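# Report on the structure
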Amino acid sequence: MSFAVKVTGHVKSVVDAELPGLTGSLIASGITAGDASLWGAAAEDEASRRLGWVRAVSVSRPLVPEITALRDELVAQGVTRVVLAGMGGSSLAPEVIAQSSGVPLVILDSTAPGQVLAAIDGDAESGGLEQTVLVVSSKSGSTIETDSAKRAFEAAFRDVGIDPAGRIVVVTDPGSPLERSARADGYRVFLADPEVGGRYSALTAFGLVPAGLAGVDIDDLLDEADATLLEVAIDSPENPALVLAAAIAGGGAHRRDKLGLVTDGSHIIGLPDWIEQLVAESTGKDGTGILPVVLLPVSPELEAKPDDLQVVRFVDDADAFHLFERHTGEVLVSGSLGAQFVVWEYATAIAGRLLGIDPFDQPDVESAKEATRGLLESQPAPTAAAFVADGVEVGVSDPALAESGTVAGVLAALWARVPADGYVSVQAYVNRLDLAQLSGLRELVAADTGRPTTFGWGPRFLHSTGQYHKGGPANGVFLQIIERTDVDLEIPGRPFTFGQLIQAQAAGDASVLAEAHGRPVVTLTLTDPQVEVLSLFEAAQ
């Protein structure tokens, strides 16, 4: 399947204005050649170490038979359930690859104790620990969520008499602390290209190993990507990456800086979640950026059509004429998954050039990690709630937000602080297996506020849109939802539990948003989540 991108209306005029400059700058061929100077002197050092993704298809080919052989070996042993412990690019790309292929792959990118336990225990349909292999994916191995999951699985395997050395596969960078410890422990190790950043790693070992072990035809995926490489390397107005970059980042001072991503008939499942991380973390810095907003075909934003929202619609055939009649002014995209990965990576890097930023760093991600570490080390007494209403504990960054004394009133006060060009971020630090319905809150908030609204599961989103929240434009307001639960799990070798970790991650990010960046934050703690989630939906309407 070829890749197609079609633009009409306002966005076509933006693209037409930007393309001459983009083709004249030779940026497409420059990226392909590995020219690190394309994003300016300040970004050159980082870029010189982050352009390995342009050669990912050829570098990754030799991995395919190794991955296939290991899968065959595991299946022969009755090990058919694959769990992936990874964050950000290490989990989002394998997730969309597996989902789009109809292949089961358990993603563990949470520190919610109940979710970790579910990943360990398995179920009757997919199998339990006896049928499970864990893939640990981390460039360094220092990612706290991934390290904690690895420790929990190691203990669980040993508890049932299984040697972890035969059930844990590690994907990491060469020379990393994780590689050294994994080899010492006898784990199977796959090394990725160290010159590829996590969010650009879809077609490297980080995307291919877990997907391939789960049963995806990864050779076919690489073929799809390979078929698109020539198109994106040419400095031509027909280059789909140039067109897409101009559409999402062009327009200068009148640029639409919110990017609505809606799947409408495409065979690819979950692609907007991967794009959200790629675009938000690559562009959300220096007070600018592109905010991806994952939408449904019936989301309020598609009816309200805010002036600062550019919609990208993923369809099965962007060339179909009737789509132009129905979706004027939108960007219509279709193509194979491998092609999508290649085009969006190129387009995001080119968008960085248009925005005048370094698309390969993430300067504000570490601040929330540092705040979390500080809270875990000091173990301070919990901050008292501003008030409690119907079992929901309400915390606020500004006492004025709590003056109403009701949950509905607090939400109304928070919405009132959304500027005309702002957005709302809803963040749920909960077990999403038990509270999956919380994602529907996004639709209600978007309808109530009339502004683009994002939804993220914590701590997963910290490795995705978290960079934009702190480094992008200062026009967001933030709603945290936390659960109180009796379920908890020790983290072997650590002085804190999974329950304490996820609480610290929520509190740490809230403190950085409010205290370091002056963003309004409301935190709602559900003490009886299954009951109070209903009252939360009522309050948000």
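Residues numbered from 1 in each chain as written. Predicted model: local features only at pLDDT ≥ 70, side-chain atom pairs only at ≥ 80, totals over all residues. Heavy atoms only, no water.

### Some details on the nonpolar core
Heads up, the rule is: Remark: nonpolar core denotes a set of buried residues (Ala, Val, Leu, Ile, Met, Phe, Trp, Tyr, Cys) joined through side-chain atoms within 4.5 Å. Exposure classes here rest on a 1.4 Å probe applied to the protein chains alone. A residue is buried below 20% of its type maximum, exposed above 50%, and partly exposed in between. Every helix listed is a DSSP run of H or I at least four residues long, and every strand listed is a run of E at least two residues long, numbered separately from the N terminus. The criterion used for residue contact is that any of the two residues' heavy atoms lie within 4.5 Å.
Ranked by size, the top nonpolar core spans 95 residues in total, and within it I31, W53, W274, F341 and W344 carry the most contacts. With 12 residues, the top contributor of residues to this core is helix α17 (residues 337-355). With residues up to four places along the chain from it excluded, the contact list for W344 reads L244, I248, L259, L261, W274, I275, L278, V279, V312 and F314. Judged by nonpolar contacts, the second largest core, of 33 residues, contains A389, L435, F455 and V477.

### Here's the deal with helix α8 (residues 144-159)
Stated formally: Expected span of a helix, by definition, is 1.5 Å for each gap between consecutive residues, and there is one gap fewer than residues.
Over its 16 residues, α8 runs 23 Å from end to end, which matches the ideal 22 Å to within 8%, given 1.5 Å per residue. The set of residues buried in α8 consists of E145, T146, D147, S148, A149, K150, A152, F153, E154, A156 and F157. Within two residues after α8, G161 carries a phi angle of roughly 80 degrees, on the positive side.

### Considering the side chain of E330
Our working rule: Whenever a nitrogen or oxygen atom comes within 3.5 Å of another N or O atom, the pair is scored as a polar contact, on the condition that within protein one atom can donate a hydrogen and the other can accept it, and that pairs from neighbouring residues in sequence are kept only if both atoms are in side chains.
Within the secondary structure layout, E330 lies in the loop between α16 (321-326) and β10 (331-334). Within the structure, E330 has its side chain in polar contact with the side chain of R313 (distance 2.6 Å). Once residues lying within four places of it in the same chain are set aside, the contact partners of E330 are K6, V7, T8, V11, Q310, V311 and R313.

### Focus: the packing of helix α5 (residues 63-76) against helix α10 (residues 205-214)
Convention followed: Only the stretch in contact is used when a helix axis is fitted, and all axes are lines through C-alpha atoms; the angle between N-to-C directions ranges over 0 to 180 degrees. Crossing handedness: left-handed means the near helix sits turned counterclockwise from the far one by under a right angle, and right-handed means the same turn made clockwise. Each residue gets one label: Ala, Val, Leu, Ile, Met, Phe, Trp, Tyr, Cys and Pro are nonpolar, Asp, Glu, Lys and Arg are charged, and the others, such as Gly, are polar.
The N-to-C vectors of α5 and α10 enclose an angle of 35 degrees; their axes lie 8 Å apart at closest approach. The crossing of α5 and α10 is right-handed. Taking contact as the criterion, the partners of L63, I67, L70, R71 and L74 in α5 are, on α10, A205, L208, V209, G212, L213 and A214. Looking at side-chain class alone, the contact of α5 with α10 contains nine nonpolar, one polar and one charged residues.

### Remarks on the sheet that holds strand β14 (residues 453-457)
Definition in use: Two strands qualify as a pair provided DSSP detects at least 2 bridges between them.
Taken in spatial order, the six strands line up as β11-β12-β16-β15-β13-β14 in an open sheet, and their pairing is mixed. For this open sheet the edge positions go to β11 (387-389) and β14, each flanked by a neighbour on one side alone. The sheet shows a mean angle of 20 degrees between the axes of neighbouring strands, taken without regard to direction. Note: strand β13 (residues 423-429) against strand β15 (residues 476-483), seven bridges, orientation parallel. Looking at the pairing, V426 lines up with L479 of β15. Relative to β15, helix α19 (residues 407-415) is tilted by about 150 degrees, and along the sheet it contacts β11, β12 (392-396), β13, β15 and β16 (521-526). Lying over the sheet, helix α23 (residues 529-540) contacts β12, β15 and β16, oriented at roughly 140 degrees with respect to β16.

### Considerations on the sheet that holds strand β2 (residues 81-85)
Two strands in a sheet stick together by hydrogen bonds in their backbones, pointing the same way (parallel) or opposite ways (antiparallel). An order of β3-β2-β4-β5-β6 is seen for the five strands of this open sheet, with the pairing classed as parallel. Each edge of the sheet is formed by a strand with only one pairing partner; in this case those strands are β3 (106-108) and β6 (188-191). The mean inter-strand angle of the sheet, taken between neighbouring strand axes irrespective of direction, is 20 degrees. Pairing of strand β4 (residues 132-137) with strand β5 (residues 168-172) involves four bridges; the strand directions are parallel. Bridge pairing in β5 places S137 opposite V171.

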